[in-house]
Amino acid sequence: MKHFNPQTNKPYRYFQQKMNKVFALFAFALPVFCASLNAQAAETNTPISKSHSNLAEGVLLGDLTKLDPLKKPGENFDLLDWSLTLPTDINKDKKADTVYEKSLDKGFNLKPFFYTADDGGLVFASPNVGAKTSKNTKYARSELREMLRRGNSRVKVKGMTKNNWVFGGAHGSMKAKSGGVGGSLEGTLAVNRVSTTGDDKKVGRVIIGQIHATDDEPIRLYYRKLPGNSKGAIYFAHEINDGDDVWVNMIGSRSHKLSDPDDGIALNEKFSYKISVEDEMLFVTIIREGKPNITKHYDMKDSGYSAGNQYMYFKAGVYNQNNGGAEGDYVQATFYHIQNKHKGYKF
């Protein structure tokens, strides 16, 4: 057998030269690749906004001691910058009824859907099957809709008006027309009841806070407790404008098959949430008494909500996410604090 000499073997030298070029290319590309990974990591490690990081750990939002069970909802809460959608159709126009700002401010209440609880909280309740806001809406609700016009009916409800707000990335002309830029919604509540019958994929879930845009929702905040579980989960959906949903778990999971979530929230247990939009960054914090706060964020710069036709408004209450099941099944939550703020909005 002849001795193999790599220096004189032409095929081997050709192969070696090719491999040397490959390794050289890899050596050049590796730092670039690592830099790209580090850039992605930096994006995911966005610092938490001070408006959220400065929240006291384990301290519920709002002053619950000021609530009076003998007062009407509009006397315990500033409802002049909200309208109310109910799961009723009293005027038979085949759409859910709306109660506007001035009526809420003067004390409107309607048991069992919207009224003051025995502890002074504000009760929202919605059956699984009830009147809906439009033909395209699948679910019923008892839910507040932000109205920055505060009863000034000369300002249009929809569109780029002083009734709605925009993202910080919006064009200056949009900011000038709107009622505010960016903002936050705080809520302290206890979910008293969730649906217990119907489709397994829908049972037990309810939306307790939202940002609604022109057509889509930058955030829908969910509470969900399954019938066999003693505690519920918290998660949210971010809907890409004219696109798909991105799901973010905060406590437990949105799955309809899991057992009790770790450190979940029981029915009638008070907790707080804060939703903020700063420029195009979404921050969400969940607060429970005596426990560490949980904050998640999502970068919305590529979600399309700074476009010229996009206006925003907050929503709070119960938006039932089950439209079937047994007759009489329903969801209910009691709110103890509701506060909305925006840059440029003085109330």
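Our subject in this report is the structure included herewith. Numbers given for residues are sequential positions, taken from 1 along each chain in its written order. Side-chain atom pairs in this predicted model are given and counted only at pLDDT of 80 or more, local residue features only at pLDDT of at least 70, and totals for whole chains, interfaces and linings cover all residues. Only heavy atoms go into the side-chain values, all of them from the structure, while hydrogens and water stay out.

**Considering the pattern of salt bridges**
Just so we agree on the cut-off: Salt bridge, as applied in this entry: a Lys or Arg side-chain nitrogen positioned within 4 Å of an Asp or Glu carboxyl oxygen. Secondary structure elements are taken from DSSP: a helix is a run of H or I of four residues or more, a strand is a run of E of two residues or more, and numbering for both begins at the N terminus. For every residue, the accessible area (1.4 Å probe, protein chains only) is compared with the maximum for its type, and the residue is labelled buried under 20%, exposed over 50%, or partly exposed between those bounds.
Using the criterion set out here, one finds 13 salt bridges in the structure. Across the salt bridge formed by E186 and K274, the nearest N and O atoms sit 3.7 Å from each other. Of this pair, E186 sits in strand 7 (residues 180-193) while K274 sits in strand 12 (residues 271-278), and the two are 88 residues apart along the sequence. For E186, a relative accessible area of 11% puts it in the buried group. When its relative accessible area of 8% is taken as the criterion, K274 is described as buried. Residues joined by salt bridges that share partners form a network here, namely E217, R220, E239 and D245.

**Focus on the packing of aromatic side chains**
Our working definition: For Phe, Tyr and Trp, where Trp contributes only its six-membered ring, two rings pair if their centres lie within 6.5 Å, and the inter-plane angle classes them as stacked under 30 degrees, edge-to-face over 60, or tilted in between. By the criterion adopted, a ring carries a charge over it if an Arg CZ or a Lys NZ lies within 6 Å of its centre and within 35 degrees of its normal.
Evaluation of the coordinates by the stated rule reveals 13 aromatic pairs. Consider the rings of F124 and F335, whose centres lie 5.3 Å apart with planes at 75°: the pair is edge-to-face. Taken as a pair, F124 in strand 4 (residues 122-127) and F335 in strand 16 (residues 330-343) lie far apart in primary sequence, 211 residues in all. Each of the two residues, F124 as well as F335, counts as buried. Through pairs of rings, three or more aromatic residues link up here, namely F108, F114, F124 and F335. Its guanidinium or amino end placed over the ring of Y313, R145 lies 3.4 Å from that ring's centre, counting from NZ or CZ. In this arrangement the basic side chain of R254 is found over the ring face of W247, its NZ or CZ atom lying 3.9 Å from the centre.

**Section: the pairing of strand 12**
Note the following rule: One bridge is not enough; two strands pair if DSSP finds at least two bridges between them.
Among the eight residues in strand 12, seven count as buried, and that is most of the element. Where strand 12 lies against strand 13 (residues 281-288), eight bridges are found, and the strand directions are antiparallel. Following the sheet pairing, K274 is matched in strand 13 by T285. Turn length for the strand 12-strand 13 hairpin, with the two strands adjacent in sequence and antiparallel, is two residues, and the turn residue D279 shows positive phi of about 60°.

**A look at the side chain of N192**
Heads up, the condition is: Polar contacts, as used here, are pairs of N or O atoms within 3.5 Å; protein pairs need one atom able to donate a hydrogen and one able to accept it. Residues neighboring in sequence count only if both atoms are side-chain atoms. By definition in these notes, contact holds between two residues if any of their heavy atoms fall within 4.5 Å.
By the element assignment, N192 lies in strand 7. A distance of 2.8 Å separates the side chain of N192 from the side chain of T334, its partner in a polar contact. The residues touching N192, leaving out its near neighbours within four places in the chain, are L267, N268, Q332, A333 and T334.

**Considerations on the pairing of strand 8 (residues 205-212)**
Most of strand 8 is tucked away, with eight of its eight residues classed as buried. Examined bridge by bridge, strand 8 and strand 9 (residues 219-224) share six bridges and lie antiparallel to one another. Paired with V206 across the bridge in strand 9 is Y223. Hairpin remark: strand 8 followed by strand 9, antiparallel, with six residues in the connecting loop.

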